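Take a look at the letters that make up each chain.
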Amino acid sequence: MSTKTLVYILKRLLLAVITVWLVITVTFFVMHAVPGGPFVGEKAVSESVRKAMEAKYGLDKPLFEQYVTYLSDIVTRFDFGPSLKQRGRQVMDIISDGLQTSAYIGVIAAFLALIIGVVLGAAAALNRNKFADRCIMVVTTAFVSMPSFIMGSLLLTIFAVKLEWFPANGDAENGLILPIITLSLYPMAYITRLTRSSMLDVLGQDYIRTAKAKGVSKWKIIFGHAMKNSLIPVITYFGPMLAYIVTGSLVVEQIFAVPGIGRAFVNSITGRDYTLLMGTTIILAVLIIVMNLLSDIMYKIVDPRITLE
Amino acid sequence: MKRKVFAAMLAGIMLAGTTGCGPASAKKKGGSASGDGQEISVCLASEPGTLDPALNSSVDGATLCAHMFAGLAKWEQSESGALEIVPDLATELPEGVENDDGTVTYTYTLRDGAKWSDGKDVTAKDFEFAWNRACSPELAADYGYMFEVVQGYNEMWAENAPSDAKLSVTAKDDKTLEVTLYNKVSYWNELLAFPSYFPVREDVVSNDSWATDPSTFICNGAYTMDSWEHNSVITLVKNDSYVDAENVTMDAINFYLSDDANNMLTNYKNGSWQLIDDVPTNEIASLKASYPDNFVVAGQLGTYYISWNNNYSLLPASSSLTGADKIKAENEIRNALALIIDRNYIVDNIAQGGQIPASSFVAMGLTDADGSQFYENAGDNSYPGYYDVSADSYQKNWNSAIETLKKYYTYDEASGKFTDAPSMTYLYNTSDAHKAIAENIQGVFASIGIDMSLENQEWATFLETRKSGDFTVARNGWLADYNDPISFLDMWTTSSGNNDVQFGKGANASVAAYSIDCTDCGIDLKVTDGTWAETYDALITQIKTCADNDTRYKLMHKAEDMLMETGCLTPLYYYTDLYMIDSNVKGFFSNPLGYKYFMYCTIE
């Protein structure tokens, strides 16, 4: 790895730290500005009980002091504190539980999107303007333009309620199949379209024509020369795709009742579970930043013409 | 080289996707009577906030606690099907002995052989510790106030209370527990079956996260916790060392954790779950028709009502009324508006869950001194409660309401509408069901010329807004924690955290518009034209210290009369608990608080 690349990565890491700090700060103050608190319910607790609870969790201190304490706990001890709603549980434990499930469906969805997307895209490009190409284009256009909450509800209605092929509960046996499909459809359709256009672009290049003129077989041209170069745009899409899957899971996990980090995040907002909300926000932010950085580095690896500065 | 790196990355992704970070569960399909014993799968709600019986404040959490802990008493269904409170770890539930100072002392003896799930004996000391812990300011539990009847509670919560302040609960020896109450409490045995009163052991709860992990969850009830996959399922297995284990018929219970009613219904329909505690509102009618034997509407101690902000003026701008006259006029207006709401329509066509139109604030199901229904004796009318809510009376109610409103608003005979009523906003928390009710009321009010706009807020924001009194009219609901009308009445004292309508607060604090006369009950409390604090708050204090049961209930009727006279609470319907249960499940029951009991179930 060249020094230039190293300097670049270091710069990006520094930027990432600043971004995370900004995310923490903004979320912290916005969260406390929203009306309602973790200890409100239909049955109000008495004033003395509320005060006792606030004192227990340090919520009685001035806001800025709470912020400084929170930040220093994270930096010095990597401690997100206890959950305010799920009493007795640490935010870190809740996140690690949720993250296991989320990572599981996210990684499979990404992989599925990548494989099927590239195959379909290549097939469409090789059958340009034929029936197969048209079909693929129509279907992918539909998938790209449909938001995941509609797609999720649609799949749930058809496959879980009407046909009863899969459970509606993400936690039951085979329950993760529908959420994975829901999550993967958008990036799959996007990758299909990306692969198709870049493949078409590559197939029209001079070096492909030269190869053809030299009598290289069709499949060797496709897999040996065209495929590799046409995948470069797909690699650049890798980062945004993982970001999409992370954020998309917020909706999808809610629809399918998947016990992942997305659902923990949404519940922490409605329940004003301040510490859990901060913890999940930080983890999701870090995840997205790291994914984007990895995608840039991968870009450099597959395309040596690119320099990272 | 580069190709290899790329391939390795892909392979890594594949591997992670197929093996490494998968959730480690192999899910069972529940509900079996075969092979290795009885097993049932149910879904009550999503992940409980806690399963520490002292900290729990949810109905589903209480159900779980009732399966895993044994207190002095428990709920049971008799042969005849009636629900009763019976001794659990106590050998019997004796009457209290009245002391000279009016306090009442109870002495309990623990049954032989009561064990914790780790084999240690359950002692009276465990109760003493658990009760003092449950109501301590250090624990700050939502339901700490359930101990307010026990002597010593007030001292524990007094300002500058000494750190060693304790309840009057003493373990005389390993088997004998003595407790003293401030005065006689008719629902004391019921409290003994409430989760806050379940024992926990000091060394167990010294670990803050003891109640989140099966390995540290030491309990003493009919079941022990076998596993808890967070946000997924909690599995309980029968505890053979429980004192009453021989009568427990269900060997294992899977409590699935979900709050999505559609998801629950799907799993009920495909046979995965045998009981679900919620159903989608828009499916209620069709489910009732297609599952007549499985769709259950059970009574519940609760009322769905509208709360009116007592400090929001309902008089037209031209009105010159002030002070007590103004308050009395507004009370009349609110009570008139309460009459024009068609409760039968709301129950039959909107809520659709077998709810009962309500004519009082204290819910149906709460009993009076003589064991009859409290609400039937309320209001001193020929019909139960404060309004005649039968469908036949609607037109009569309507006419009388219009006549009352004519006293304060200008009525346009041609259009049949009032022309100068102030406009108002109805606040509700975001939910289709609440919205549909709000729209119905909006339509009814609009038909007589009263302009009411609707505003919905997200749950936590809504609670804050309503509590702070920043609303005109708001949707509200209340479920009792025990069968005693005081649980509906003491929430309306000036300083109560649930006093959403702002009685005795703000401008209302100094208005002397309320009267109370308890001399006919032999109680020295008579105030004419006093403030809310001088009348209602004083009345509640009398009720809480009243030793005579009959008098106490009479005073509670008076308190409700006062509340209803203000018109600030407009009851719409009494809550019901809707659930669906598989026909194969026998021996199931639920109590009026909504706790569900599976230990005596069998699956046929």
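Calculation rules
Residues numbered from 1 in each chain as written. Chains lettered and ligands numbered in written order. Predicted model: local features only at pLDDT ≥ 70, side-chain atom pairs only at ≥ 80, totals over all residues. Heavy atoms only, no water. Helix = DSSP H or I, 4+ residues; strand = E, 2+ residues; numbered from the N terminus. Rg over C-alpha atoms; globule rule 2.2 N^0.38 Å. Buried < 20%, exposed > 50% of the residue type's maximum accessible area, 1.4 Å probe, protein only. Contact = heavy atoms within 4.5 Å. Buried area = accessible area lost by both parts, 1.4 Å probe. Salt bridge = Lys/Arg side-chain N within 4 Å of Asp/Glu carboxyl O. Polar contact = N/O pair within 3.5 Å; in protein donor to acceptor, adjacent residues only side chain to side chain. Nonpolar A, V, L, I, M, F, W, Y, C, P; charged D, E, K, R; others polar. Disulfide = S-S within 2.5 Å. Axes fitted to C-alpha atoms, helices over the stretch in contact; angles between N-to-C directions. Parallel < 35°, antiparallel > 145°, perpendicular 65-115°, else oblique. Left-handed = near helix turned anticlockwise from the far one by under 90°. Pairing = 2+ DSSP bridges. Phe/Tyr/Trp six-rings, centres within 6.5 Å; stacked < 30°, edge-to-face > 60°. Patch = residues over 30% accessible without salt bridge, like charges linked within 9 Å, V, L, I, M, F, W, Y side chains within 5 Å. Areas by Shrake-Rupley, 256 points an atom, 1.4 Å probe, with all protein chains shown as cover.

Visitor: Now, about the overall build of chain B: what can you tell me, with residues and values included?
Guide: If you tally the helices and strands in chain B, you get 16 helices and 25 strands. Since a compact globule built from 604 residues should have a radius of gyration of about 25 Å, the 27 Å found for chain B is in line with a globular shape. Taken over the C-alpha atoms alone, chain B extends approximately 80 × 80 × 55 Å along its principal axes. In chain B, which comprises 604 residues, the share counted as buried stands at 57%.

Visitor: Can you lay out the interface of chain A and chain B for me, pointing to particular residues and giving the numbers?
Guide: Each partner contributes to the interface: chain A provides 49 residues, whereas chain B provides 59 residues. Of the roughly 4,500 Å² buried at the junction of chain A and chain B (both faces included), carbon and sulfur atoms supply 59%. At the junction of chain A with chain B, the criterion picks out 2 salt bridges. With a closest N to O distance of 3.8 Å, A:Arg89 and B:Glu47 form a salt bridge. Run the count over chain A and chain B and you get 7 residue pairs in polar contact (both at pLDDT 80 or more). Going through the elements one at a time, α2 (47-56), α4 (91-126), α6 (148-162), α10 (232-255), α11 (261-270) and α12 (274-302) of chain A are the ones with two or more residues in the side of chain A that touches chain B. A per-element tally of the side of chain A that touches chain B places α4(A) first, with 8 residues. Here the side of chain A that touches chain B is built from residues that sort into 26 nonpolar, 11 polar and 12 charged.

Visitor: Residue-level account of the state of the cysteines, with values.
Guide: Residue and element names in this part refer to chain B. Tallied over the full model, the rule gives 0 disulfides over all chains. Between Cys-65, a free cysteine, and Cys-219, which holds the nearest cysteine sulfur, the sulfur-to-sulfur gap is 9.7 Å. Looking at Cys-135, it has no disulfide partner, and the nearest cysteine sulfur is the one in Cys-65, 17 Å off. Judged by its relative accessible area of 0%, Cys-135 is buried.

Visitor: Any chance you could break down the environment of B:Ser431 for me, citing the residues and the numbers?
Guide: Summarising the element assignment, B:Ser431 is placed in the loop between β16 (424-429) and α12 (432-447). A C-alpha to C-alpha distance of 9.0 Å links B:Ser431 and B:Glu458, two positions 27 residues apart in sequence.

Visitor: Please set out the packing of helix α15 (residues 532-545) of chain B against helix α16 (residues 549-566) of chain B residue by residue, giving values where relevant.
Guide: All names here are of chain B. Packing of α15 against α16 leaves a shortest axis separation of 9 Å and a crossing angle of 150 degrees. By the angle class used here, α15 and α16 are roughly antiparallel. Where α15 crosses over α16, the handedness of that crossing is left-handed. Along the contact surface, α15 presents Trp-532, Thr-535, Tyr-536, Leu-539, Ile-540, Gln-542 and Ile-543, while α16 presents Arg-552, Leu-555, Met-556, Lys-558, Ala-559, Met-562, Leu-563 and Thr-566. Its residues assigned to classes, the contact of α15 with α16 shows 10 nonpolar, 3 polar and 2 charged.

Visitor: How would you summarise unusual backbone geometry if you had to cite specific residues and measurements?
Guide: Apart from glycine, the bulk of residues carry a negative phi angle, and the bulk of peptide bonds sit in the trans form. Even without a glycine there, the phi angle at A:Arg272 is positive, about 55 degrees. In this fold, A:Arg272 is placed in the loop between α11 and α12. Look at B:Asn231: it is not a glycine, yet its phi comes out positive at around 65 degrees. In this structure, B:Asn231 sits in the loop between β8 (223-229) and β9 (233-238).

Visitor: Tell me about the pairing of strand β3 (residues 83-87) of chain B, and name the residues and values.
Guide: Residue and element names in this part refer to chain B. Judged from the 5 bridges that link them, strand β2 (residues 73-77) and β3 form a sheet pairing that is antiparallel. Residue pairing in the sheet places Ala-73 in a bridge with Pro-87 of β3. As consecutive antiparallel partners, β2 and β3 are separated by 5 residues, and within that stretch Gly-81 has a phi angle of approximately 100 degrees, a positive value.

Visitor: Before we move on, can you summarise the pattern of salt bridges with the specific residues and values?
Guide: All names here are of chain B. This model, assessed by the stated rule, comprises 32 salt bridges over all chains. Between Lys-125 and Glu-128 there is a salt bridge whose closest N-O contact spans 3.7 Å. Of this pair, Lys-125 and Glu-128 are both found in helix α3 (residues 124-134), 3 residues apart, which corresponds to roughly one turn of the helix. Put simply, Glu-148 and Lys-544 hold a salt bridge, and the shortest N to O gap is 3.6 Å.

Visitor: Describe in detail the packing of helix α9 (residues 323-340) of chain B against helix α11 (residues 394-406) of chain B, supporting the description with residues and values.
Guide: All names here are of chain B. Two numbers describe how α9 lies on α11: the axes approach to 8 Å, and their chain directions differ by 155 degrees. In this view, α9 runs roughly antiparallel relative to α11, as classed from their interaxial angle. Here the hand of the crossing between α9 and α11 comes out left-handed. Counting all contacts with α9, which are made through Glu-332, Ile-333, Ala-336, Leu-337, Leu-339 and Ile-340, the residues of α11 involved are Tyr-394, Asn-397, Trp-398, Ser-400, Ala-401, Thr-404 and Leu-405.

Visitor: Could you give an account of the packing of aromatic side chains, with specific residues and numbers?
Guide: All names here are of chain B. Within the structure shown, the criterion is met by 54 aromatic pairs over all chains. With a centroid separation of 6.2 Å and 90 degrees between ring planes, the pair formed by Phe-127 and Trp-131 is classed as edge-to-face. In this pair, Phe-127 and Trp-131 are both assigned in helix α3, 4 residues apart and thus about one turn of the helix distant. According to the relative accessible area criterion, Phe-127 is buried, its value standing at 0%. The exposure class of Trp-131 is buried, given its relative accessible area of 0%. On the basis of an interplanar angle of 25 degrees and a centroid distance of 5.2 Å, the ring pair of Trp-210 and Phe-217 is categorised as stacked. Residues Trp-210 and Phe-217 agree in their burial class; the two are buried.

Visitor: Explain the sheet that holds strand β4 (residues 97-98) of chain B to me, and be specific about the residues and the numbers.
Guide: Residue and element names in this part refer to chain B. Pairing in this open sheet of 4 strands is antiparallel, and the strands run β4-β5-β7-β6 from one edge to the other. The open sheet terminates on both sides in strands that have one partner only, identified here as β4 and β6 (169-171). As paired strands, strand β5 (residues 104-109) and strand β7 (residues 176-181) are joined by 6 bridges and run antiparallel to one another. Across the sheet, residue Thr-105 finds its bridge partner in β7, namely Thr-180.

Visitor: Give me the lowdown on a nonpolar patch on the surface, citing residues and values where you can.
Guide: On the surface, A:Leu14, A:Leu15, A:Ile18, A:Trp21 and A:Leu22 cluster together to form a nonpolar patch covering roughly 510 Å² of accessible area. Positionally, A:Leu22 belongs in helix α1 (residues 3-33).

Visitor: Tell me about the side chain of A:Ser268, residues and numbers included.
Guide: Along the chain, A:Ser268 turns up in helix α11. Note on A:Ser268: relative accessible area 1%, which makes it buried.

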